[in-house]
Amino acid sequence: MATVLGIDLAASERKASGVCILRGKRVQTSLVRTDDEIVALAQTIRPQLIAIDAPLSLPPDRTSIHQRTATHLRPCDRELLRRGIRFFPVTLGAMRQLTERGIRLRHRLEGLGFRVVEAFPGGAQDVLGLPRKQHDLKGLRDGLRRLGLQGICDDATHDELDAITAAYVGWLFLRGRAALLGDDHSGIVMPLPQKACYPVKL
């Protein structure tokens, strides 16, 4: 049975990040704060895939998030735009710290031999026909349950629900039911289009 670790990463270790261990279709969620906690969890459960909700790469002509260039979008971001999926660019002020942390954590996990991909729960929820957390938290929780995911608590936080979504996208990817937009270094994994469960709210 494949195990996927989904992470809804916070920009700072001072804030909680949601994590989800997905074994088969049973979830176990919690909140953590530090990169050390995330790495220790990965080393304990040894997942086949880690799906992180955070930018894990930079636009192609940038060597750091603080470098100023005219390029603000990655090829995978442009593909999201083409599909009508809304997102915050990695160079947006509020996203810079998250991007730095995501890239740093990715390198650390990959250095330990883990396979790491970038996930975008909000965009995945659009594709899956689920409401995003800011529109209908209960609807998102109920929708994830309707996908067959078991063990979702009634009091699961929005961070945990996004971590569940990230893990589920990773689960789909391992089964050929999600695609990488872009390449292994700078792509986002998104579910393949399927029949919606809800009208999509953006």
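In this text the structure is predicted, and so the values were computed from the model without any measurement.

In this section: the layout of surface pockets. Approximately 770 Å³ is the volume found for the largest pocket. Every element with two or more residues in the lining of the largest pocket is listed here: α2 (75-82), α3 (93-111), β5 (116-119), α4 (121-128) and α6 (158-174). Its residues placed into classes, the lining of the largest pocket shows 18 nonpolar, 4 polar and 11 charged.

By the definition in use, this model includes 13 salt bridges. Among the ionic pairs, R101 bridges to D35, the shortest N-O distance being 2.8 Å. One end of the pair, R101, is in helix α3; the other, D35, is in helix α1 (residues 35-45), and 66 residues separate them in sequence. We note that R101, like D35, is buried. Across the pair R74 and E118 runs a salt bridge, and its minimum N-O distance is 2.9 Å. Residue R74 is found in the loop between β4 (49-53) and α2, and its partner E118 is found in strand β5; the two are separated by 44 residues along the sequence. Neither residue differs from the other here; R74 and E118 are each classed as buried. Connected through shared salt-bridge partners, K138, D142, R145 and D154 make up one network.

Attention shifts here to the packing of aromatic side chains. Under the definition given, this model contains 1 aromatic pair. When the centroid spacing of 5.7 Å and the interplanar angle of 15° are considered together, the rings of Y168 and W171 count as stacked. Note that Y168 and W171 are positioned in helix α6 at a spacing of 3 residues, about one turn of the helix. A relative accessible area of 2% means that Y168 is categorised as buried.

This paragraph deals with the pairing of β4. Remember that side chains alternate between the two faces of the sheet whenever the strand is regular. Buried residues dominate β4, accounting for 5 of its 5 residues. Across the two faces of β4 the burial is the same, with L49, A51 and D53 and I50 and I52 all buried. In this structure, strand β1 (residues 3-8) lies alongside β4, joined through 5 bridges in parallel fashion. Bridging across to β4, V4 finds its partner in L49. Examined bridge by bridge, β4 and β5 share 3 bridges and lie parallel to one another. Across the sheet, I52 pairs through a bridge with E118, a residue of β5.

Before going further, it helps to examine the nonpolar core. In this structure, L22, L144, L149 and I164 are the most contacted members of the largest nonpolar core, which totals 29 residues. Every element with two or more residues in this core is listed here: β2 (17-23), β4, β5, α4, α5 (137-146) and α6. Among the elements that line this core, the one with the most residues is α6, at 10 residues. Not counting residues within four places of it along the chain, the set of residues in contact with L22 comprises A2, T3, V4, V27, L149, A167, Y168 and W171.

Reading the values: the criteria
Residues numbered from 1 in each chain as written. Predicted model: local features only at pLDDT ≥ 70, side-chain atom pairs only at ≥ 80, totals over all residues. Heavy atoms only, no water. 1 Å grid on protein atoms, 1.4 Å probe; cavity = no way out; pocket = protein on both sides within 12 Å on 5 of 7 lines; lining within 4 Å. Points joined across faces, edges and corners; volume = space filled by probe spheres on them. Helix = DSSP H or I, 4+ residues; strand = E, 2+ residues; numbered from the N terminus. Nonpolar A, V, L, I, M, F, W, Y, C, P; charged D, E, K, R; others polar. Salt bridge = Lys/Arg side-chain N within 4 Å of Asp/Glu carboxyl O. Buried < 20%, exposed > 50% of the residue type's maximum accessible area, 1.4 Å probe, protein only. Phe/Tyr/Trp six-rings, centres within 6.5 Å; stacked < 30°, edge-to-face > 60°. Pairing = 2+ DSSP bridges. Core = buried A, V, L, I, M, F, W, Y, C linked by side-chain atoms within 4.5 Å. Contact = heavy atoms within 4.5 Å.

The values are spatial; any link to function lies outside them.
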